[in-house]
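Here's the letter readout for the chains.
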Amino acid sequence: MIAAIRETGTKDLTVVSNNCGIDGFGLGLLLESGQIRKMISSYVGENKLFEQLYLSGDLELEFNPQGTLAERIRAGGAGIPAFFTKTGVGTLVAEGKEVREFDGELYVMERGLVADLAIVKAYAGDAEGNLVYRKTARNFNPMMATAGRACVAEVEKLVEIGALDKDNIHTPGIYVDRIVAGAKYEKRIERVTTRPREEKVSA
C-alpha cells in the first residue's frame, strides 16, 4: 500500500507511525519521493534521510513517548479527544500543553489522534475485513485500524469468511473499509541486536 501511495504522487502528507521505516524501504519510500511533510512518531529509527530532512527543516517532526503515541491513537479510535498522563511532565514533551494537578501529581494533556486514512498490515483477513496480526504487528495495528475515518487493510492471506477463529480476531471487520491481498513481502530488521550463540563446552 505504501508503494501505491507513492504512485499517486500525493504530497504534504502527515503520517502517524511509530517510525519512518528505513532508507529505501517502507515509509522511507515516501520520504524519498518528498511526499511526507510531517511525521508524528516515537522513534526515528535508522533512517538517515529522515535525519537529514529534519535537521534541514524540510520535515516536521512531532516526537511522542512510545506509550503516549499508542494511547493517543487508541484514544482517537475510541472517540476520546484528550487524556492526561504523567509521561513527559517537566520535559520538552510538555511544552505548550496543558498541565494539570490530580491528587497532588502533575499530568500533561495529550490529544487523541484521528487520521483521514489508516493503512494496516495483517497476517490474515477475510472478505468481511476481520483481521489477525502476528507478533509485534499487534503493537500498533489494532489501534490504527480504529483511528482512521477510513481503513484499508493489506493481508498476506485472504481467507474465506468464517475461516478465522472468532476468539482470535484482533480487528473486527466493522473497522475495515477495504481489504487487499498483498504479495512478495520482505520483512527487514532495522538493527540486529542479538549476540552470536556461544558454543557450550563440556568439561
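Look up a bit, the structure's there.
As the structure is a prediction and not an experimental result, all values here were calculated from the model.

The rules behind the values
- Within each chain, residues carry numbers counting from 1 in the order of the written sequence.
- Where totals are concerned, whole chains, interfaces and linings use all residues; where local detail is concerned, this predicted model gives features only for residues with pLDDT of at least 70, and gives and counts side-chain atom pairs only at 80 or more.
- No hydrogens and no water enter the side-chain calculation; it runs on all heavy atoms of the structure.
- Any two strands are treated as partners once DSSP identifies two or more bridges connecting them.
- Helix numbers and strand numbers start at the N terminus; a helix is a DSSP run of H or I with at least 4 residues, a strand a run of E with at least 2.
- Note on aromatic pairs: the rings of Phe, Tyr and Trp (six-membered ring only in Trp) are paired at centre separations within 6.5 Å, and the planes decide the class, stacked below 30 degrees, edge-to-face beyond 60, tilted for the rest.
- Relative accessibility under 20% of the residue-type maximum defines a buried residue, over 50% an exposed one, and the middle range a partly exposed one, all with a 1.4 Å probe and only protein chains included.

J.: Honestly, the sheet that holds strand β8 (residues 131–132) in this entry has me stumped. Any pointers?
T.: The four strands lie next to each other as β8-β7-β9-β10, forming an open sheet whose pairing is mixed. Each edge of the open sheet carries a strand with a single partner, namely β8 and β10 (178–181). As judged from the four bridges shared by strand β9 (residues 148–159) and β10, these two strands associate in the parallel manner. Note on β10: the bridge partner recorded for Val152 is Arg178.

J.: Whenever I open this one, the packing of aromatic side chains confuses me. Can you help?
T.: Throughout the structure, instances matching the rule amount to two aromatic pairs. On the numbers, 5.1 Å between centres and 65° between planes, the contact of Phe84 with Phe102 is edge-to-face. Remark: Phe102 occurs in strand β5 (residues 99–102) and Phe84 occurs in strand β4 (residues 82–85); sequence separation between them is 18 residues. Seen in terms of ring centroids, Phe102 and Tyr107 are 5.6 Å apart; in terms of plane orientation they differ by 80°. Their pairing is edge-to-face. Judged by relative accessible area, which is 21%, Tyr107 ranks as partly exposed.

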